[in-house]
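# Coordinate analysis (summary)
Residues per chain are reported as follows:
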Amino acid sequence: MTQEVSPGYAYGQLERALRTATSTKDAAVRRRARAKAGRWQEILDGMAGGTLEIGSRTPVADTPAWVTLEVAHGGFATGRYLAEVPPRPEELALAPGRADRESLNSWYLTDAGLAALRAALATESYRVEFPEDAALPVVAWLLGHGHAEAALDLLAELRPLLHRLRLAPLPGAVPRPAGALVRLSTVGEVRETLRSAATKPAIAAMLETLRVWHPLFDRLVALWAETVDGELPRLAGPAVTGGWPCRTWPDGWAARRAQWLADYATASARHTASAAHTHPKGNFARLHHALLACEHDSAALTGRDVGWIRRALANTVTKHGEPGSERRAALRSVQAAVAARPTHAELAAVLAGRLDAYPGDGGLPSPDPLGGDFPPRLVAKAARALEAPIEELVERGIITSGDVLATVLPQITAQLMAANIEDEQLAALYAQTYAAFRRRRGLLLLDLAHQVRFEELPWIAALEPFRARRPGTAAQQTLTQTVLLALGSFPQAILPNTLLRELGALAKQADRPMPLLEELAADIFMGTFTAKWRTAAEITSRVMADTLYARYYDLPAAWEPRRRRGFRRTADDFAEVCKARAGRRGWSVAGNGMVIEQSQILTTHNLAVLVETLGLQARLRSAAPELAERTFAWVVRRLAVRAGDAYTEWQLLKNIAYAWRQGIFYLSFCTGDQQRAAVDRLRELVDPESRFAPAVAGLAHVVAGGRFTEQGFAPDGPGRRLLGWTTGRHWCRSAE
């Protein structure tokens, strides 16, 4: 059965982008929103016109799977090729007279072009931005090493897109982190981000008022105060007491008036962030307009105009004190101190200036440039360029999740993958290409299709005969360390798909195959699982037999031996077990979620597989008490979060249930005393009358040796099994 993707999601994203583009006051946000709306419009046009088949591995018509596509949120291809870019000046400088992409690619196949590619490979003076950038360098290497037939085969596959894609790298070396060091961003990227920081309009208006308009206003008040006969006006309830303005005109007043008006005109031309001083009913505007009419005296003013001057003076004198008074001076002193503080954008510029001392395409060797009195948010942005071991970046809070961990892991994986290639020049190209490939965004896929694999790139496939099969000791060590780091740093979170892809690459390099399972999307789930889900379930039942986890979730003790009837991609019996456990009736997104959650329960969503394959049992037993405690503490903290709407609350409960499952997995590697102590701590943290109390009672029931009924209840108490998905109202939702 073939499923089609509804355009409803794309319409929703288009509507959201248009709403942002028309409602926000921030010009940069409007610009980004308009660009996003344009991409979603292209997607909808492509889906309607048949040029886009969302859900396919080849969603763009007449385009091979290996082409790097522009992919919008949710995995929707826009139809654009990322490597279809106009030639840059540095490319054109290599081949004078070649102005378009096809002629430039063709030049690289001449003797001069091939020599340029080989020279770049020899000196590593090139940058692979997209995987396609490595295609022609591979051709050059193959021809230079006597593999003309392989080079011609590769060119035949590239030829249809020679006029569109950039197939050679950009000039310029790419500094690579040494050894096991990684970074999230280059210094140049961080500098650009810091220098793009802008002061919010409201903050800019406030600072301008404090720095410019308040001093001008005080001079204006003092100027009018000179014309008052007697005491300055003040408010006495609704009435105004004191003298009247426009009664005396001291010597030099006209000159001071002219100077103030000139200063005001200059300030108005230079400072436009604030408009509060121009409000027609404000004290500033009333006094300013009256001043314009009094070149020498008040002959041009009416009695009403003079009354408004008197009222404006009374307002400000009563509220802030007379001009030159201690009270007014104290207020302005405080305001001046506030105005003198550097803004976020100014501090960002200072920090960016410090980074100018480092190469833009490299990283920071130490955190020293980040020292000083900078806001934590700015330091966090700049720290993305810090080059350090992964463990240090996690400890410093620079890597904050499994997804972020997955973005830096390719920097190490690429080196390990390239280690199988004897030729150093080719290994360096291979590593850069792998890193570029991992930057590709995944597509939304249906019908059990899988994302394009690295080895499917034609130029990488052409290099397969030149990769030696070496023992993967380093890869296995990296794999083990990464798994332990992810679980130890983010124990409450399931391993994200991005990280699983890297773990899979490391497992393959280490020659330790294992069934790693990605998280499935409930809205496109068709009720089928591939065979690796059943394999993972078999491992889980074996590893978790007779444990707290097995009792809590009622795991099958064993699985029936599979009957071999030819090659089958799907595990139908596993799918039926998941559906039966979920009690699924008919199709719905929530029903799909219940089935997917059961598949995660039956497989521990990769935890049991990783523990057994990598032999982590002993290490996990040592760390399990702390991991369980931290996970349950996270759950309790999340329970205190107030959700703004039903959807947000559902997401919150789902994540809590998934974390709860992780905690029970860790608790299964603890002793009985440790399990009981964990339950006691939970009872201290969770109010026995709260909505979450049944979950704690349910865990206590199973820790004590009990089991749930088929419906997930403790037979003799209030305890319940906690799951995330349900087709009705969740029992753990807050009261409306």
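You'll find the structure just up there.
Residues numbered from 1 in each chain as written. Predicted model: local features only at pLDDT ≥ 70, side-chain atom pairs only at ≥ 80, totals over all residues. Heavy atoms only, no water.

### Considering the overall build of the chain
- Along the backbone of the chain there are 30 helices and eight strands.
- Computed over C-alpha atoms, the radius of gyration of the chain comes to 34 Å, more than 25% over the 27 Å expected from 2.2 N^0.38 for 736 residues, which places it beyond the range of a compact globule.
- Considered along the principal axes of its C-alpha atoms, the chain spans approximately 110 × 85 × 55 Å.
- Taken across its 736 residues, the chain has 46% of its residues classed as buried.
- Taking the intrachain contacts of the chain between residues at least 6 apart in sequence as the baseline, contacts between residues at least 24 apart amount to 71%.
- Surface accessibility of the chain: about 35700 Å² in total, with carbon and sulfur atoms responsible for 53%. (Helix = DSSP H or I, 4+ residues; strand = E, 2+ residues; numbered from the N terminus. Rg over C-alpha atoms; globule rule 2.2 N^0.38 Å. Buried < 20%, exposed > 50% of the residue type's maximum accessible area, 1.4 Å probe, protein only. Contact = heavy atoms within 4.5 Å. Areas by Shrake-Rupley, 256 points an atom, 1.4 Å probe, with all protein chains shown as cover.)

### What to know about the pairing of strand 2 (residues 76-81)
- As paired strands, strand 1 (residues 69-72) and strand 2 are joined by three bridges and run antiparallel to one another. Looking across to strand 2, one finds that L69 is bridged to Y81. (Pairing = 2+ DSSP bridges.)

### Regarding the environment of Y658
- For Y658, the location among the structural elements is in helix 28 (residues 646-667).
- Here Y658 falls in the buried class, since its relative accessible area comes to 5%.
- Between the C-alpha atom of Y658 and that of I601, which follows or precedes it by 57 residues, the distance is 9.3 Å.
- Dropping the residues within four chain positions of it, Y658 is found in contact with I494, E519, E597, Q600 and W725.
- Polar side-chain contacts of Y658 include one of 3.1 Å to the side chain of W725. (Polar contact = N/O pair within 3.5 Å; in protein donor to acceptor, adjacent residues only side chain to side chain.)

### Description of the side chain of T209
- Looking at the element boundaries, T209 is found in helix 9 (residues 201-225).
- Taking relative accessible area as the criterion, T209 reaches 19% and is therefore assigned buried.
- Here A205 takes part through its backbone oxygen, which lies 2.9 Å from a polar atom of the side chain of T209.
- Those residues in contact with T209 that lie beyond four places of it in its chain are H214, P215 and S274.

### Structural notes on the pattern of salt bridges
- Tallying each qualifying case throughout the model produces 35 salt bridges.
- For R332, the salt bridge identified is with D218, shortest N-O distance 2.8 Å. Of this pair, R332 sits in helix 13 (residues 326-340) while D218 sits in helix 9; the two residues are 114 residues apart in sequence, bridging distant segments of the chain.
- The structure contains a network of salt bridges with shared partners spanning R88, E90, E129, D133 and R166. (Salt bridge = Lys/Arg side-chain N within 4 Å of Asp/Glu carboxyl O.)

### Describing the environment of H605
- Mapped onto the elements, H605 comes out in the loop between helix 25 (589-603) and helix 26 (607-613).
- The spacing of H605 and A337 is 268 residues in sequence and 56 Å in space, taken between C-alpha atoms.
- Beyond its immediate sequence surroundings of up to four residues, H605 is in contact with I494, L495, L517, E518, E519, Q600 and R661.

### Looking at the nonpolar core
- With 117 residues, the main nonpolar core has I390, W660, F665, F692 and L699 as its most contacted residues.
- Broken down by element, the residue count for this core peaks at eleven residues, all from helix 28.
- The next biggest cluster of nonpolar side chains, apart from the first, holds 75 residues, and it includes V71, Y81, W107 and F130. (Core = buried A, V, L, I, M, F, W, Y, C linked by side-chain atoms within 4.5 Å.)

### Some words on the packing of helix 8 (residues 187-195) against helix 14 (residues 344-355)
- At a closest axis distance of 8 Å, the pairing of helix 8 and helix 14 adopts a crossing angle of 160°. The angle between the axes of helix 8 and helix 14 places the two elements in the roughly antiparallel class. Judged by the twist between their axes, the crossing of helix 8 over helix 14 is left-handed. In this structure, helix 8 contributes V187, V190, R191, L194 and R195 to the contact, and helix 14 contributes A348, L351, A352, G353 and L355.
- Its residues assigned to classes, the contact of helix 8 with helix 14 comprises seven nonpolar, one polar and two charged. (Axes fitted to C-alpha atoms, helices over the stretch in contact; angles between N-to-C directions. Parallel < 35°, antiparallel > 145°, perpendicular 65-115°, else oblique. Left-handed = near helix turned anticlockwise from the far one by under 90°. Nonpolar A, V, L, I, M, F, W, Y, C, P; charged D, E, K, R; others polar.)

### Considering the packing of aromatic side chains
- Using the criterion set out here, one finds 31 aromatic pairs in the structure.
- Between W249 and W253, the ring centres sit 4.9 Å apart and the planes meet at 80°, which makes this aromatic pair edge-to-face.
- When the centroid spacing of 6.1 Å and the interplanar angle of 45° are considered together, the rings of W260 and F284 count as tilted. Taken as a pair, W260 in helix 10 (residues 253-270) and F284 in helix 11 (residues 283-293) lie far apart in primary sequence, 24 residues in all.
- Residue classification places W260 among the buried residues on the basis of a relative accessible area of 0%.
- One aromatic cluster in this structure is built from Y549, Y552, Y553, F665, Y666, F669 and F708.
- R286 extends its terminal NZ or CZ atom over the ring of W308, reaching a point 3.7 Å from the ring centre.
- Here the basic side chain of R661 rests over the ring of Y658, its NZ or CZ set 4.8 Å away from the ring centre. (Phe/Tyr/Trp six-rings, centres within 6.5 Å; stacked < 30°, edge-to-face > 60°. Lys NZ or Arg CZ within 6 Å of the ring centre and 35° of its normal.)

### Comments concerning helix 13
- With 15 residues, helix 13 extends 20 Å from end C-alpha to end C-alpha; this agrees with the ideal 21 Å at 1.5 Å per step.
- Among all positions of helix 13, only R328, R332, Q335 and A339 are buried. Taken around the axis of helix 13, the buried residues stretch over an arc of 65°, which confines them to a single face. Across from the buried face of helix 13, at angles greater than 90 degrees, the exposed residues are E326, V334 and A340.
- On its buried face, helix 13 is in contact with helix 9 and helix 12 (303-320). (Expected span 1.5 Å × (residues − 1). Arc of directions from axis to C-beta.)

### Points about a positive patch on the surface
- A grouping of R16, R31, R32, R34 and K36 is seen on the molecular surface, where their side chains present a positively charged patch.
- Per-element accounting of the positive patch gives the leading share, four residues, to helix 2 (residues 27-49).
- Examined against the element boundaries, R34 turns out to sit in helix 2.
- Exposure remark for R34: the relative accessible area of 48% places this residue in the partly exposed category. (Patch = residues over 30% accessible without salt bridge, like charges linked within 9 Å, V, L, I, M, F, W, Y side chains within 5 Å. Lys, Arg positive; Asp, Glu negative; His and termini not counted. Charge placed at Lys NZ, Arg CZ, Asp CG, Glu CD.)

### Quick notes on helix 28
- Given a rise of 1.5 Å per residue, 22 residues ought to cover 32 Å, and the 31 Å separating the end C-alpha atoms of helix 28 matches this to within 8%.
- In terms of burial, helix 28 is largely enclosed, as 16 of its 22 residues are buried.
- One side-chain oxygen at the N-terminal end of helix 28 lies 3.1 Å from the backbone nitrogen of Y647; it belongs to D645.

### Description of the pairing of strand 1
- Of the two faces of strand 1, the one carrying L69 and V71 and the one carrying E70 and A72 are both buried.
- Following strand 1, the chain reverses through three residues before pairing antiparallel with strand 2; G74 in that reversal takes a positive phi of roughly 90°.

### Notes on unusual backbone geometry
- The backbone phi angle of D546 is positive, close to 60°, even though this residue is not glycine.
- Take D546: it is sitting in the loop between helix 22 (531-543) and helix 23 (548-553).
- Judged by its relative accessible area of 76%, D546 is exposed.
- One non-glycine residue, H605, adopts positive backbone phi at about 45°.

### Describing the state of the cysteines
- Counted by the stated rule, this structure contains zero disulfides.
- Its sulfur unpaired, C246 is 5.1 Å from the next cysteine sulfur, which belongs to C294.
- Classification of C246 by relative accessible area gives buried; the value is 10%. (Disulfide = S-S within 2.5 Å.)

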